Amino acid sequence: MSRDGHGSAVTLPGDPPGGRRAALVWGVGAGVYFVAVIFRTSLGVAGLDAADRFHVGASALSTFSILQLLVYAGMQIPVGLMVDRLGTKKVLALGVVLFTLGQLGFALSPTYPMALASRALLGCGDAMTFISVLRLGGRWFPARRGPLIAQLAGLIGMAGNLISTVVLSRALHGLGWTTTFVGSSLAGVLVLVLLLAFLKDHPEGHEPTPVHHAGAAYVRRQIAASWREPGTRLGLWVHFTTQFPAMVFLLLWGLPFLVEAQGLSRGTAGELLTLVVLSNMAVGLAYGQIIARHGGARAPLALGTVAATALLWAATLAYPADHAPMWLLVTLCLVLGACGPASMIGFDFARPANPPERQGTASGIVNMGGFVASMTTLLAVGVLLDATGDDYRIAFSSVFVLEALGVAQILRLKSRTHRRERERLVASRVEAVHVPV
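Residues numbered from 1 in each chain as written. Predicted model: local features only at pLDDT ≥ 70, side-chain atom pairs only at ≥ 80, totals over all residues. Heavy atoms only, no water.

**Student:** How should I be thinking about the overall build of the protein in this particular structure?
**Tutor:** Per the secondary structure count, the protein includes 16 helices and two strands. In terms of overall dimensions, the protein has C-alpha extents of about 70 × 45 × 40 Å along its principal axes. By the burial criterion, 57% of the 437 residues in the protein qualify as buried. A separation threshold of at least 6 residues defines the contact pool for the protein, and within that pool the share at least 24 residues apart is 84%. With an accessible surface of roughly 17100 Å², the protein has 67% of that area assigned to carbon and sulfur atoms. Mean positive and mean negative side-chain charge positions of the protein (33 and 22 charges, respectively) differ by 9 Å. (Helix = DSSP H or I, 4+ residues; strand = E, 2+ residues; numbered from the N terminus. Buried < 20%, exposed > 50% of the residue type's maximum accessible area, 1.4 Å probe, protein only. Contact = heavy atoms within 4.5 Å. Areas by Shrake-Rupley, 256 points an atom, 1.4 Å probe, with all protein chains shown as cover. Lys, Arg positive; Asp, Glu negative; His and termini not counted. Charge placed at Lys NZ, Arg CZ, Asp CG, Glu CD.)

Have a look at this one:
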């Protein structure tokens, strides 16, 4: 996909037509991602229960999510290469098998080490889903729909998060640990059946051009070529800077912060976590529409989201009373809801910068950003809580360090990316002039 001088998407010849068939196939892939996010975020509502079940403190509890995200982030480039080489269906099917086994293992683990291994397996399977869904959207829908499709994928993921915060949390306290997690793993079996029955890598007549794969040399070329593009690197840092504040909050530390530091009941804290998810879904639709019409809004939206997040976190942590007022916590959660949609903007910088045969690899590089930042912050918060006697103000101040680093990199790469996009646009127009009719 290229863009005109105003940053608007330009449809390329040979674009897939989209339509109902595309929506059905992509919907199956998105359903897999939906279940993966339910499993990924299930620990967010079970953190306190996990601490009691496995008799661990804050640092050991954070290790669950850190290991899961470490595996997830480490798998992004290998998964991107797998998607480029093997296609979406095979990679998604493998992912479903792995994350379902991970969720089932977590349900039945009698010890902390076994539970850790199960979360690592879950993270490995989860890592294969989002890049595959992005690739599926690129194969089945016109390029101009790319920003909206990416935001819809993020919205579906947040719907999975909503199931975790509303349904799994209630089931956990009503049915118990084992029944809840074993029962949820059945969703993985269901989406595997749908995937095998209905999912196709691409529509008829839109088969990708065969690419010669030459072992390790090919892998190195794919990674190097993707990394050389400023748009790929800018996408990584946008994803790094925008995603992690909400991810850390939803994945593990939001519920303990609201209950232990802010004095809320678990029910009220769960409602605020739900508010983050609902805000994410609403903002995702708005961001997708804005970027599809005005590509130049990508960087301002990303940086504006970072600024708003930093401002609300600072106001909450620096509030002079022991507990922040409810209106401030509500506002914080509404703003955190914009982090997920803002992180999707990273893929919209990388997508036009790379040809179709590198889309999976480039998306994997971008997707590493937010999860590396989330993993780092999860660890920092856990260590600081243990070191300071559960002082959440000090622990959550680590958010500002990573945001400052990310903003500096975004500002450094933004002009390079825009210059490269203009060069590609000029080259595509020159090529179009010289194509014989």
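What follows continues from the structure just given.
**Student:** Just to check I follow, could you spell out a positive patch on the surface for this structure?
**Tutor:** Residues R412, R416, R419 and R422 make up a contiguous surface patch of positive charge. Within the secondary structure layout, R422 lies in helix α16 (residues 398–434). (Patch = residues over 30% accessible without salt bridge, like charges linked within 9 Å, V, L, I, M, F, W, Y side chains within 5 Å. Salt bridge = Lys/Arg side-chain N within 4 Å of Asp/Glu carboxyl O.)

**Student:** Could you clarify how one ought to interpret the nonpolar core in this entry?
**Tutor:** Among soluble globular proteins, nonpolar side chains are generally buried collectively. Counting residues in hydrophobic clusters, the biggest one holds 132 residues, and the most contacted among them are F54, F64, F249, W253, F257, W313 and F396. Tallying contributions element by element places helix α1 (residues 20–54) first for this core, with 19 residues. Those residues in contact with W313, other than ones at most four positions away along the chain, are P245, F249, F257, L332, L336, F396, V399 and F400. (Core = buried A, V, L, I, M, F, W, Y, C linked by side-chain atoms within 4.5 Å.)

**Student:** I would appreciate a short explanation of empty space enclosed by the protein in the present structure.
**Tutor:** In this approach a probe as big as a water molecule rolls over the atoms, and the regions it shows empty are the leftover space. For the structure shown, the criterion picks out four cavities of 30 Å³ or more. In this model, the largest cavity occupies a volume close to 280 Å³. Every residue lining the largest cavity is counted, 26 residues in all, and those nearest its centre are Y33, R40, M158, Q243 and M247. Elements with a contribution of two residues or more to the lining of the largest cavity: α1, α6 (146–175), α9 (230–261), α10 (266–293), α13 (339–350) and α14 (359–388). Here the element with the most residues in the lining of the largest cavity is α6; it accounts for six residues. For the lining of the largest cavity, the residue count by class is 13 nonpolar, twelve polar and one charged. (1 Å grid on protein atoms, 1.4 Å probe; cavity = no way out; pocket = protein on both sides within 12 Å on 5 of 7 lines; lining within 4 Å. Points joined across faces, edges and corners; volume = space filled by probe spheres on them. Nonpolar A, V, L, I, M, F, W, Y, C, P; charged D, E, K, R; others polar.)

**Student:** When you look at the packing of α9 against helix α11 (residues 298–317) in this model, what are you seeing that I'm missing?
**Tutor:** Where α9 contacts α11, the axes come no closer than 9 Å and their chain directions differ by 35°. In terms of crossing hand, the pair formed by α9 and α11 is left-handed. Here V238, T241, T242, P245, F249 and F257 of α9 lie close against α11, whose contacting residues are A302, V306, T309, W313, T316 and L317. Taken together, the residues that form the contact of α9 with α11 break down as eight nonpolar, four polar and no charged. (Axes fitted to C-alpha atoms, helices over the stretch in contact; angles between N-to-C directions. Left-handed = near helix turned anticlockwise from the far one by under 90°.)

**Student:** Please clarify how unusual backbone geometry should be interpreted in this entry.
**Tutor:** Of all residues except glycine, most have a negative phi; of all peptide bonds, most are trans. Positive phi outside glycine occurs at H55, with the angle close to 55°. Within the fold, H55 resides in the loop between α1 and α2 (58–86).

**Student:** Honestly, α11 in this entry has me stumped. Any pointers?
**Tutor:** Turn by turn, an α-helix covers 3.6 residues, leaving residues three or four places apart pointing in a common direction. When the terminal C-alpha atoms of α11 are compared, their 29 Å separation across 20 residues agrees well with the 28 Å that a helix rising 1.5 Å per residue should span. Of the positions making up α11, those classed as buried are R298, A299, L301, A302, T305, V306, T309, L312, W313, T316 and L317. (Expected span 1.5 Å × (residues − 1).)

**Student:** Looking at this structure, how should I read the environment of D201?
**Tutor:** Turning to its location among the elements, D201 is positioned in the loop between α7 (177–198) and α8 (215–228). Take D201: its relative accessible area is 26%, and that puts it in the partly exposed class. Along the primary structure D201 and W140 are separated by 61 residues, whereas in three dimensions their C-alpha atoms are 8.4 Å apart. Apart from the residues within four sequence positions on either side, D201 is in contact with L86, G87, T88, K89, L136, R139 and W140. One polar contact links the side chain of D201 to the main-chain amide nitrogen of T88, over a distance of 3.1 Å. Of the polar contacts made by the side chain of D201, one reaches the backbone nitrogen of K89; its length is 2.8 Å. (Polar contact = N/O pair within 3.5 Å; in protein donor to acceptor, adjacent residues only side chain to side chain.)

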